[in-house]
Amino acid sequence: MKRLFPILGVVTAALLVYALYMALIGAPTEQTMGNVQRIFYYHVPSAWTAFVLFFVNFGASLVYLVKRKAAADMVALVSAEVGVVFCTVVLVTGPIWARPVWGIWWTWDMRLTSTLVLWLIYVSYLFLRRFSSSGETPTLAAALAVLGALCVPFVYFSIWFFRTQHPQPVMGGGGSIDPRMLHVLLINWLAFSCFAFLVCWSRYRLEKLQREVDQAHALESLMAPRGSVR
Amino acid sequence: MKGNNAYLLAAYALTWIIHITYLATIVSRYSQLKREIDSLRKNK
Amino acid sequence: MSAPAGITRVTLLKDLRLEWRSKDASNSMLFFSLLVVVVFSFSFDPSADESRQIAGGLIWVAFLFAAVVALNQTWAREIRNQVLDAYRVSPAPANSLFLAKAVGNFIFVSVLEALMTPLFIAFYRLRSIGPAWQLLVVAVLGTWALVVNGTFFAAMSLRTRSREIMLPLLLFPISLPAILAMVQATTAILNGEGARFWMTLLVTYDLVFTTVCLLLFETVLHAE
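A brief look at the structure comes next.

Cut-offs applied
Residues numbered from 1 in each chain as written. Chains lettered and ligands numbered in written order. Predicted model: local features only at pLDDT ≥ 70, side-chain atom pairs only at ≥ 80, totals over all residues. Helix = DSSP H or I, 4+ residues; strand = E, 2+ residues; numbered from the N terminus. Rg over C-alpha atoms; globule rule 2.2 N^0.38 Å. Buried ≥ 20, exposed ≤ 12 C-beta atoms within 10 Å, placed from the backbone. Contact = placed C-beta atoms within 7 Å. Core = buried A, V, L, I, M, F, W, Y, C linked by C-beta atoms within 7 Å. Nonpolar A, V, L, I, M, F, W, Y, C, P; charged D, E, K, R; others polar. Axes fitted to C-alpha atoms, helices over the stretch in contact; angles between N-to-C directions. Parallel < 35°, antiparallel > 145°, perpendicular 65-115°, else oblique. Left-handed = near helix turned anticlockwise from the far one by under 90°. Expected span 1.5 Å × (residues − 1). Bend = angle between axes of the 7 residues up to and from the residue.

**Looking at the overall build of chain B**
- Within chain B, the secondary structure is distributed over 1 helix and 0 strands.
- By its C-alpha atoms, chain B is 65 × 10 × 5 Å across when sized along the principal axes.

**A few points about the overall build of chain C**
- Per the secondary structure count, chain C includes 8 helices and 0 strands.
- Overall, chain C shows an N-to-C arrangement of helices and strands of α-α-α-α-α-α-α-α.
- Taken against the 2.2 N^0.38 rule, which gives 17 Å for 224 residues, the C-alpha radius of gyration of chain C at 18 Å falls within 12% of a compact globule.
- Put simply, chain C has 224 residues, and 46% of those count as buried.
- Considering only contacts in chain C between residues 6 or more positions apart, those separated by 24 or more positions represent 83%.

**Topic: the nonpolar core**
- Counting residues in each nonpolar core, the largest one holds 138 residues, and the members touching the most others are Ala76(A), Ala66(C), Ala67(C), Ala185(C) and Leu202(C).
- Take this core: its biggest share by element is 17 residues, from helix α3 (residues 70-102) of chain A.
- In this view, Ala67(C) contacts Val109(C), Leu146(C), Val147(C) and Gly150(C); residues no more than four positions away in its chain are not counted.

**Regarding the interface of chain C and chain A**
- In this assembly, 25 residues from chain C lie in contact with 27 residues from chain A.
- When residues of the side of chain C that touches chain A are traced back to their parent elements, those giving at least two are α7 (163-190) and α8 (196-221) of chain C.
- For the side of chain C that touches chain A, the element with the highest residue contribution is α7(C), accounting for 10 residues.
- By residue class, the composition of the side of chain C that touches chain A is 18 nonpolar, 4 polar and 3 charged.

**Remarks on the packing of helix α5 (residues 94-124) of chain C against helix α6 (residues 132-156) of chain C**
Residue and element names in this part refer to chain C.
- The geometry of α5 relative to α6 is characterised by a closest axis approach of 9 Å and an angle of 130° between their N-to-C directions. Relative to α6, the element α5 is oriented oblique. The handedness of the crossing between α5 and α6 comes out as right-handed. For the pair α5 and α6, contact is made by Phe-98, Lys-101, Ala-102, Asn-105, Phe-106, Val-109, Ser-110 and Glu-113 and by Ala-139, Thr-143, Trp-144, Val-147, Val-148, Gly-150 and Thr-151, respectively.
- Tallied by class, the residues present in the contact of α5 with α6 amount to 8 nonpolar, 5 polar and 2 charged.

**Looking at the arrangement of the chains**
- Of all 2 pairs of chains that touch, the greatest number of contacts is found between chains A and C.
- Nothing in chain B touches chain C, and the closest approach of their C-alpha atoms is 23 Å.

**A short note on the packing of helix α2 (residues 40-67) of chain A against helix α6 (residues 179-223) of chain A**
Residue and element names in this part refer to chain A.
- Where α2 meets α6, the axes come as close as 9 Å, and the angle between the chain directions of the two elements is 45°. Classed by the angle they form, the pair α2 and α6 counts as oblique. Relative to α6, the crossing made by α2 is right-handed. Together, Tyr-41, Tyr-42, Val-44, Pro-45, Ser-46, Trp-48, Thr-49 and Leu-53 of α2 and Val-184, Leu-185, Asn-188, Trp-189, Phe-192, Ser-193 and Ala-196 of α6 make up the contact between the two elements.
- Class assignment for the residues of the contact of α2 with α6 results in 11 nonpolar, 4 polar and no charged.

**Let's talk about the environment of Val212(C)**
- Among the secondary structure elements, Val212(C) is positioned in helix α8.
- On the neighbour-count criterion, Val212(C) (17 C-beta atoms within 10 Å) is partly exposed.
- As a C-alpha pair, Val212(C) and Asn149(C) span 63 residues in sequence and 9.8 Å in three-dimensional space.
- Look past the residues within four positions of Val212(C) in its chain and what remains in contact with it is Val146(A), Leu147(A) and Leu150(A).

**Digging into helix α5 (residues 137-165) of chain A**
- Between its first and last C-alpha atoms α5(A) spans 41 Å; for 29 residues at 1.5 Å apiece the expected length is 42 Å, and the two agree.
- When the local axis directions of α5(A) are compared, the greatest deviation, roughly 25°, occurs at Val152(A), which is followed within four positions by the proline Pro153(A).

**Notes on unusual backbone geometry**
All names here are of chain A.
- Even without a glycine there, the phi angle at Arg-68 is positive, about 55°.
- When you line up the elements, Arg-68 lands in the loop between α2 and α3.
- Take Arg-68: there are 12 C-beta atoms within 10 Å of it, and that puts it in the exposed class.

**Examining the environment of Ser96(C)**
All names here are of chain C.
- Residue position: Ser-96 is located in helix α5.
- Ser-96 gets classed as buried once you count the C-beta atoms within 10 Å, which come to 23.
- The residues touching Ser-96, leaving out its near neighbours within four places in the chain, are Pro-4, Ile-7, Thr-8 and Thr-11.

Structural data, given as structure tokens:
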């Protein structure tokens with residue numbers, strides 16, 4: 001298992017470099033927006049990756065509520081954290097794309113707005129994990145994760161309808177996409193998915209180590225002879 | 001159009017800055033914890 | 001009357017009686033609501049025509065403030081008297097407790113809203129083009145959406161650090177679709193437009209979240 005990590009690391013790095021090359025050079029230049037449109041190849045895959053990670057968080061939280069396995073709780077934590085990181089990338093690249101194209105930093109575009117709400121929900125999840133007392137954290141977090149995940153369809157429907165009532169510039173183009181661009185988009189998604197997996201794995205290992213250390217500390221204070229504190 | 005390339009660069013650069021920053025925190029916390037658990041094992 | 005419903009009713013009546021007796025908390029809440037309306041009126045001073053466009057948003061933000069303060073209050077008393085531990089040990093189903101708390105909060109927040117609304121109407125010279133009864137329906141649905149989640153999150157935040165900020169921190173993001181719906185519905189009705197989609201969304205939201213909160217409350221209550 002341990003040897004798999006560096007192998008995957010090399011493969012992922014290669015994929016990312018190739019995907020970057022394709023995004024910057026391989027993909028055709030868009031007619032109206034020019035080179036700035038290439039931000040699309042980072043913006044959209046990051047959004048898709050974040051959604052997948054949040055879905056994993058939902059699944060892991062359900063598993064925890066039913067089975068109470070620590071591993072499920074750790075997967076939930078890791079997927080939420082990494083999901084928030086990818087979400088942040090979406091929220092940063094979005095305005096950077098919007099500004100030169102539409103002259104405004106923010107559009108109440110469906111993807112951008114939904115991503116903002118998702119980001120808020122999962123950041124609040126991370127706050128709950130940090131602020132709750134450690135005994136009850138996994139259960140409370142799992143409950144919040146379920147509520148948050150159930151909220152997602154409502155987020156999409158409400159923003160979709162709101163946008164049809166108040167039309168805004170659509171990022172990424174509403175219509176069909178050039179097949180060469182789709183190809184580059186998917187390559188970038190594959191590369192970022194592998195990258196996300198590696199980041200999650202690293203964070204998982206960190207969490208496991210953290211819990212070992214915490215347990216070791218707890219054990220130590222139990223074993224300490226009475227009257228003496230280390 | 002030239003100015004727009006600056007936005008493209010900014011977007012890609014910021015993406016990687018965000019990812020690398022997060023990875024750096026993981027790595028630094030990991031090495032810190034490794035030292036801690038080694039010292040705990042030694043003291044046993 | 002079945003046992004769970006009976007427990008709900010008893011708990012609810014107890015809470016209402018306590019609220020009525022502890023006039024301090026209620027009075028300060030009422031005054032707070034008045035203050036919120038006045039502050040908003042000073043901050044946003046639209047003409048009568050414009051007011052119909054923004055009143056929906058303003059009123060609901062004001063209600064949201066009042067709801068958060070009210071929700072924080074209601075569990076505080078339970079903690080002080082360690083009532084929660086008693087509930088956890090008792091064989092009463094957790095759902096009944098949750099429902100009682102949620103309905104109690106709903107009544108409390110509704111009273112505050114009922115007091116704030118005439119003030120808003122007066123200060124903003126509001127006149128609804130659409131039927132007023134529809135506004136009442138939106139008010140009920142919207143308030144329930146905030147209260148059912150708020151009661152759940154208030155229970156979750158009980159043993160967290162910074163308990164009072166945790167409630168809005170958790171409540172606001174998840175309530176965003178509902179808030180959008182209540183504001184849009186209110187604005188649509190005030191301007192004589194259809195609010196069918198938003199009302200449907202609110203009803204669905206209420207049903208889904210009430211169900212899930214009822215299902216998960218037991219787990220949350222016994223989380224340790």
